[in-house]
Each structure stands twice: as structure tokens, then as C-alpha cells.
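Close look at the chain arrangement
What follows is the residue order along each chain.
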Amino acid sequence: IAIKNNPYSIKYVTKNNRTPENLKLAVEKNGLMLKYIDNGEQFNELCTIAIHNNPLALEFVADAFHTIQLSIDATNHEKKWQGTPLKFIKEQFKTFAICKNAISNDHDVMQYVNISSNNILTTREKYDLCAHSIEQHGLTFELPSLFLTHEKKELYKLYMQRDYWSLVHIDPKFQTEEMCKNAVKQQFCLNLQYIVNKTQILCDIAVEYNVESIQFV
């Protein structure tokens, strides 16, 4: 009864009463209660129930039950959470599909994808994950050095297409003429000030769309 009313009480339940049924009841109510269940008490069904209740419970899953299927379940979860289960997924399970799902659900997960050190993703998959993150959330991470210059330009182009005020955050050496033309056409951004190579054409376009741009010519 105590667990049904307050799953946190599992922390104080004596050994004799820590039955599989009581343990499952606790994580059914709150998946994070897995924190108070020792590795030796855990079993596959228990961990699955906990993850289905709260994917962040993955942090407390014993290694023996931390499977790729559990990782998939955690990132496929339909709810949005303050935090990402990707943080707790084993490196060998960080597949393209798992990482993409995690990125779709949270804006701040690229740091846990570990693009540079991930050994199971191809270079193309790493590029596609970065592109997906930028399209979904903007540029919330530093572009990895493993990408070639033309690849970085394409990613910055995606960023500009999503947020035209973002030119201020783009390294000048990756500013293309097309990118800059589109940027200065945004009337309220005054993006001309962030362009290093201010050609006559760019200046004319900027002033045409916003006369205040004249101060940056």
C-alpha cells in the first residue's frame, strides 16, 4: 500500500518485502525509482517498465540489462523530458537511428552524440545528424573539424535558412555570396555589419531593403 501511494517509499522497504511485484509497482508509478533498486535486484522486465514510464531511468539500469532495445525504447518515448536519455546510452549503442530520435526530441543532445569520437557512425551519418539538428533546433553546437570546408558551408547554409539573424555566429571564412545576399535582404537584421567582404552589390541590396544598413557600408 505504501508503494502504491508513494513509490519513493521503495527506498525504505525491507529486504523481505522487496519482491519483484513491489519493485515493478514502484517503477510503474515512477521510473526513476529504479535508482533505489540495487543492480542485483533488477531484471529485464523491471528495467523495461521503468524506461517506459520515464526514459531518464536509463541512468540507473544495471549493465546486464542495458541493451540496444532498451536504448531504442528510451529515445522513441512519446513524451518530452527535461533532459535526454542519450546521455546515458552506451557508446556502442549510439546508432544513427537512436541519435536522430534523440535529436528530434531535445535541442541540446549533440554533445552526447560525440560526433568526433563516435566509431559506429559513418562520416555521412555524422553529417546527416548535424544537418538534422540544425534544421530542428538551429546551430547549438560547434561544427566538428572532421568535416570538409564545403560540408561546413552547406551546414551553415542550412543554419541561415532557418535563422537569418544567425550570420553573426558564422565564421566569416564560411560566408558565401549567396548566403550573404539572402542575409542582407532580411529587413530587421542589419546583417551587413557581420559580413567581412562587403561588395558593392551586397551593400546596394542591404541599403535597398533597409536604409539603416548605410551605417555599415
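Model, not experiment: these values are computed from the prediction. (Residues numbered from 1 in each chain as written. Predicted model: local features only at pLDDT ≥ 70, side-chain atom pairs only at ≥ 80, totals over all residues. Heavy atoms only, no water.)

**Here we look at the overall build of the protein**
- Regarding its fold elements, the protein presents 10 helices and zero strands.
- When the helices and strands of the protein are read in sequence order from the N terminus, they spell out α-α-α-α-α-α-α-α-α-α.
- Each principal axis of the C-alpha atoms in the protein carries an extent, and together these give about 80 × 35 × 20 Å.
- Per-residue burial for the protein yields a buried fraction of 42% across its 217 residues.
- Residue pairs at least 24 apart in sequence account for 39% of intrachain contacts in the protein once pairs closer than 6 positions are excluded.
- Here the protein has roughly 12000 Å² of accessible surface; of this, 48% comes from carbon and sulfur atoms.
- For the protein, the centre of its 23 positive side-chain charges and the centre of its 25 negative side-chain charges are spaced 4 Å apart. (Helix = DSSP H or I, 4+ residues; strand = E, 2+ residues; numbered from the N terminus. Buried < 20%, exposed > 50% of the residue type's maximum accessible area, 1.4 Å probe, protein only. Contact = heavy atoms within 4.5 Å. Areas by Shrake-Rupley, 256 points an atom, 1.4 Å probe, with all protein chains shown as cover. Lys, Arg positive; Asp, Glu negative; His and termini not counted. Charge placed at Lys NZ, Arg CZ, Asp CG, Glu CD.)

**Regarding helix α10 (residues 200-209)**
- Turning to α10, its buried residues are Leu202, Cys203, Ile205 and Ala206. Each buried residue of α10 sits inside an arc of 165° when the element is viewed along its axis, so together they form one side. Across α10 from its buried face, at more than 90 degrees, point the exposed residues Gln200 and Glu208.
- For α10, the secondary structure elements touched by its buried residues are α9 (177-184). (Arc of directions from axis to C-beta.)

**Some remarks on the confidence of the model for the protein**
- Considering every residue of the protein, the mean pLDDT works out to 90; 97% of them sit at 70 or more.
- Considering each helix and strand of the protein separately, the mean pLDDT is smallest for helix α1 (residues 2-5), with a value of 84, and largest for helix α3 (residues 44-53), with 96. (pLDDT = per-residue confidence, 0-100.)

**A few points about the environment of lysine 157**
- If you trace the backbone, lysine 157 turns up in helix α8 (residues 149-162).
- For lysine 157, a relative accessible area of 28% translates into the label partly exposed.
- Lysine 157 sits 37 residues away from isoleucine 120 along the chain, and the two C-alpha atoms are 27 Å apart.

**Some points on the nonpolar core**
- Counting 57 residues, the largest nonpolar core has Leu86, Val113, Leu155 and Ile170 as the members making the most contacts within it.
- Ignoring sequence-local partners within four residues, the contact set of leucine 86 consists of Lys94, Ile98, Cys99, Ala102, Val109, Tyr112 and Val113. (Core = buried A, V, L, I, M, F, W, Y, C linked by side-chain atoms within 4.5 Å.)

**A short note on the packing of helix α4 (residues 68-75) against helix α5 (residues 96-105)**
- Following both chains from N to C, one finds α4 and α5 inclined at 25°, their axes separated by 9 Å at the closest point. Of the possible angle classes, the one that applies to α4 and α5 is roughly parallel. Two packed elements cross with a definite hand, and for α4 against α5 that hand is left-handed. Together, Ile68, Ser71, Ile72 and Thr75 of α4 and Ile98, Asn101, Ala102 and Asn105 of α5 make up the contact between the two elements. (Axes fitted to C-alpha atoms, helices over the stretch in contact; angles between N-to-C directions. Parallel < 35°, antiparallel > 145°, perpendicular 65-115°, else oblique. Left-handed = near helix turned anticlockwise from the far one by under 90°.)

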